[in-house]
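Per-entry structural report
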Amino acid sequence: MSEHITTQAEPSAQPEKGRKKKIVASGPPREDSFRGIGASRGIAIGTTYAFEKEQYEHEIKTLEAGNVDEEIERFLGALTRSEKELKKIERVTTRKLGKGYANLFEAQIMLMHDPVLIDTITGRIREERVTAALAVEEEFGHYFEQFRNSEDQFFQERACDFRDIKDRIIRNLHIRKLHSWIPEGTIVVSEHLSPADVILLSRSNVKGFVTDTGGKTSHISLICKSLNIPIVVGLGNFSQLVATGNQIIIDGTTGTVVVHPTEKTIARYSKKRDEELQFEADASLTADQPAYTRCGVRISFYSNIDFKEELDGLETSGSEGVGLFRTENLFIDGTKVPRETEQFSYYREMAETIAPMPLVIRLFDIGGDKLLYSPVREPNPNLGWRGIRILIDVPEILENQLSAVLRANTQGNIHILLPMITSLEEIGIIKTTLDKLCGEIAGQSGHACEKPFVGAMIEVPAAVEIIEEITACVDFISIGTNDLTQYTLAVDRNNVIVQDLFDKFHPAIMRQLYRIISTAQKNRCTASICGDMASDPMALPFLIGCGLRKFSVVSADIPKLKKMVATVTLDQTEALALECIRLDSAEKIKGRLEDFLAAL
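Given the structure is predicted, the values throughout are model-derived calculations rather than measurements.

1. With respect to the overall build of the chain
Scanning the chain from terminus to terminus reveals 21 helices and 19 strands. Split into buried and exposed, the 600 residues of the chain put 56% on the buried side. Counting only contacts in the chain whose residues sit at least 6 apart along the sequence, the fraction spanning at least 24 positions is 70%. Split by element, the accessible area of the chain, about 25,300 Å² in all, is 51% carbon and sulfur.

2. What about the nonpolar core?
By size, the foremost hydrophobic cluster in this structure holds 154 residues, and its most contacted members are Ile-169, Phe-209, Ile-477, Phe-542 and Phe-551. For this core, the leading source of residues is helix α1 (residues 68–97), giving 9 residues. Those residues in contact with Phe-209 that lie beyond four places of it in its chain are Ile-187, Val-188, Leu-193, Val-198, Leu-201, Cys-224, Ile-229, Pro-230, Ile-231, Val-232 and Ile-250. Formed by 14 residues, the second largest nonpolar core is a distinct cluster that contains Phe-34, Leu-235, Val-242 and Val-259.

3. Here we look at the pattern of salt bridges
A complete count under the given rule lists 31 salt bridges for this structure. The partner of Arg-362 in a salt bridge is Glu-328, and the shortest N-O contact between them spans 3.1 Å. Of this pair, Arg-362 sits in strand β14 (residues 359–362) while Glu-328 sits in the loop between β13 (322–326) and α10 (340–354); the two residues are 34 residues apart in sequence, bridging distant segments of the chain. The same class applies to Arg-362 as to Glu-328, namely buried. What emerges from the salt-bridge pattern is a single network uniting Arg-41, Glu-280, Asp-557 and Lys-560.

4. Comments concerning the environment of Glu-309
Structurally, the position occupied by Glu-309 is in the loop between β12 (298–305) and α9 (314–317). Along the backbone, Glu-309 and Tyr-101 are 208 residues apart, and their C-alpha atoms lie at a distance of 8.6 Å. Apart from the residues lying within four places of it in its own chain, the contact partners of Glu-309 are Lys-99, Gly-100, Asn-103 and Tyr-346.

5. Considering the sheet that holds strand β6 (residues 187–190)
One open sheet accounts for 8 strands, arranged β2-β10-β9-β4-β6-β7-β8-β3; its pairing is mixed. Two strands in the sheet have a free side with no partner beyond their single neighbour: β2 (32–35) and β3 (37–40). Taking each pair of neighbouring strands and ignoring which way they run, the sheet shows an average axis angle of 30°. The pairing of strand β7 (residues 208–211) with strand β8 (residues 231–233) spans 2 bridges and is parallel. The residue of β8 that forms the bridge with Phe-209 is Ile-231. Strand contacts of helix α7 (residues 219–227): β3, β7 and β8, with the helix running at about 55° to β3, the strand carrying the most contacts. In this fold helix α8 (residues 263–285) packs onto β4 (43–50), β9 (247–251) and β10 (256–259), with an angle of close to 120° to the strand it touches most, β4.

6. Thoughts on the pairing of β13
A large share of β13 lies buried, amounting to 4 of its 5 residues. Of the strand pairs in this sheet, β13 and β14 are connected by 3 bridges, and their pairing is parallel. Residue Val-322 lies in a different strand from β14, and its bridge partner there is Leu-359.

7. Regarding the pairing of β10
Alternating residues of β10 divide into Thr-256 and Val-258 and Val-257 and Val-259, and every residue in both groups is buried. Summarising the sheet, β2 and β10 pair through 4 bridges and their orientation is antiparallel. Bridge pairing in β10 links Arg-35 to Thr-256. Direction of pairing for β9 relative to β10: antiparallel, over a ladder of 4 bridges. Across the sheet, Ile-248 pairs through a bridge with Val-259, a residue of β10. Joining the antiparallel neighbours β9 and β10 is a turn of 4 residues, in which Gly-255 adopts a positive phi near 80°.

8. As for unusual backbone geometry
Of note, the bond from Ala-355 into Pro-356 is cis; its omega dihedral lies within 30 degrees of zero at 10°. Positive phi, close to 55°, is recorded for Asn-205, a residue that is not glycine. Relative to the helices and strands, Asn-205 is located in the loop between α6 (195–201) and β7. In this structure Asn-205 comes out as exposed when scored by relative accessible area, which is 51%. Even without being glycine, Arg-524 reaches a positive phi, approximately 55°.

9. Looking at the state of the cysteines
Disulfides are covalent bonds that connect the sulfur atoms of two cysteines. One pass over the structure, following the stated rule, counts 0 disulfides. No disulfide involves Cys-449; its sulfur sits 3.0 Å from that of Cys-438, the nearest cysteine.

10. Re a positive patch on the surface
Judged by side-chain charge, Lys-88, Arg-91, Arg-95 and Lys-96 come together as a positively charged surface patch. Mapping Lys-88 onto the fold places it in helix α1.

11. Here's the deal with the confidence of the model for the chain
Low-pLDDT portions of the prediction should not be read for the details of their coordinates. Here the chain shows a mean pLDDT of 86. Residues at 70 or above account for 88%. Here residues 1–25 is a poorly scored stretch, pLDDT under 50, and it has 76 contacts once near neighbours within four places are set aside; other chains count. Considering only residues more than four positions removed or in separate chains, one finds that residues 368–373, a stretch of pLDDT under 50, has 31 contacts.

12. Regarding helix α19 (residues 558–565)
Of all 8 residues in α19, 7 are buried, a share of seventy percent or more. For α19, the complete set of buried residues consists of Ile-558, Pro-559, Lys-560, Leu-561, Lys-562, Met-564 and Val-565.

13. Comments concerning the packing of aromatic side chains
Enumeration according to the criterion identifies 6 aromatic pairs in this entry. The interplanar angle of 25° and the centroid separation of 5.3 Å between the aromatic rings of Phe-301 and Phe-551 together place this pair among those described as stacked. Of this pair, Phe-301 sits in strand β12 while Phe-551 sits in strand β19 (residues 550–553), and the two are 250 residues apart along the sequence. Looking at Phe-301, the relative accessible area reads 0%, which means it is buried. Look at Phe-325 and Tyr-346: their rings are 5.9 Å apart centre to centre, the planes differ by 10°, and that puts the pair in the stacked class. Remark: Tyr-346 occurs in helix α10 and Phe-325 occurs in strand β13; sequence separation between them is 21 residues. Owing to a relative accessible area of 13%, Tyr-346 belongs among the buried residues under this scheme.

Cut-offs and rules
- Residues numbered from 1 in each chain as written.
- Predicted model: local features only at pLDDT ≥ 70, side-chain atom pairs only at ≥ 80, totals over all residues.
- Heavy atoms only, no water.
- Helix = DSSP H or I, 4+ residues; strand = E, 2+ residues; numbered from the N terminus.
- Buried < 20%, exposed > 50% of the residue type's maximum accessible area, 1.4 Å probe, protein only.
- Contact = heavy atoms within 4.5 Å.
- Areas by Shrake-Rupley, 256 points an atom, 1.4 Å probe, with all protein chains shown as cover.
- Core = buried A, V, L, I, M, F, W, Y, C linked by side-chain atoms within 4.5 Å.
- Salt bridge = Lys/Arg side-chain N within 4 Å of Asp/Glu carboxyl O.
- Pairing = 2+ DSSP bridges.
- Axes fitted to C-alpha atoms, helices over the stretch in contact; angles between N-to-C directions.
- Disulfide = S-S within 2.5 Å.
- Patch = residues over 30% accessible without salt bridge, like charges linked within 9 Å, V, L, I, M, F, W, Y side chains within 5 Å.
- Lys, Arg positive; Asp, Glu negative; His and termini not counted.
- Charge placed at Lys NZ, Arg CZ, Asp CG, Glu CD.
- pLDDT = per-residue confidence, 0-100.
- Phe/Tyr/Trp six-rings, centres within 6.5 Å; stacked < 30°, edge-to-face > 60°.

Here's what the structure looks like:
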């Protein structure tokens, strides 16, 4: 006896968000607003296209002995077709965005051909006589659940790779064509989208994307930023409330989505969109010029990057170097630590490409709950074995990375940034290791080894409490406002239940920022900021008023931020900062910052 199960895109594990009422077609439609996470700036006005993953039914049955080899051949054939699709997507991505993002699909091909997975699936087909679809569903689904349930955002994002591969192989087992063409110029609404979906659908000149799941730093959000396509994510059950053809407005800056907008609302957002586009066009004309306030104070802007291929965009955006290179993407399959030789080549190429501009390399900032060498399953990895703790506890990882950095620093422009610092002892261990490695390298080469500047990430309240001591013993600090907000407010920024409580303008955060920056300034320790707040135009005057002179942001945001700098004076911003840290609610602070910008 056999039964049927349905295979489809994994349903969102997140609870419903926004208004829960169904949008119905009876009577004239009424304007309705929803709030998610604005993950790629811009305003899109148009009609929706409800993009749904295909569902497939397959039997749970015991194969006849004579059909086992045929079933294995079906599975291997589906793998071949899936690889061809991914290579096509990789080529499209390279053409649109360069090799950096194309590596995402290279990694998927590697995962799909993992010998352990293939042997496990073919072994189950042969020994248990299960269908290929069921074996793929269960084996890839197992990895997907493990990664999705991780509390480390890096692994949560990698979970999508397993889901995408699983769905792709099962579709190819049914020999169904890839669905990638949709009506031109629509706004795509879906429960979830993979990087491959975004790349392929973007060929239809989509105006924007809306998803129930996702976060600001997910791959689809970063791809949309690079493609200059607005996206709003984290809307819970929104995809269930709209149908193809609904009129919609999305604001990728504020995270607002308006369904069935009135003519008045359309006119308001059209005006706002046109003003933003004009501002960006004007800003691009002077992007390569240094940024000064109206009173002549120099403000510097650097780039946050994930791949070396992004270095090409530094010059056109007016960036002055790399303020944050996230090295986690060098991990193979999300788990295997890259060899020292691979890191050395990568870092040296980057440093030489942008010299004499600085390259700030953040040491591996990754949670330990899914690393191959992790000894235990942690109940709460965000408060567990991650960041600097792993590097100190596993010296071979730390020493390989530091050695690669030291040997790559032939231009003298590499700086090292330490993640998740909570004590002076952690900084001391890194400095001692650096001294030891420098001595070894100098002894081997016969030349002096130039030690890079060492900086600390300020992203947990413990670091804020000892900011006086930290700024006295490092060369620079970089403020990670995303984690600082998360840890200070005890709010998981990826949890839609408490998403509304994640507010970077909370008085506690604003006061911490003022304290961090002013202390660094007093101790002549260079301070920069690399979290999302650095790109927020509303936060810019406040941060300048606190004394911040260096910002590290997405390259595309630099021209408009430079243009904003030219509209303020130091006296104005310092008065604004003092006023804001005395206010007792986020709403009052945001209201004051909005008034300040409106007055400009």
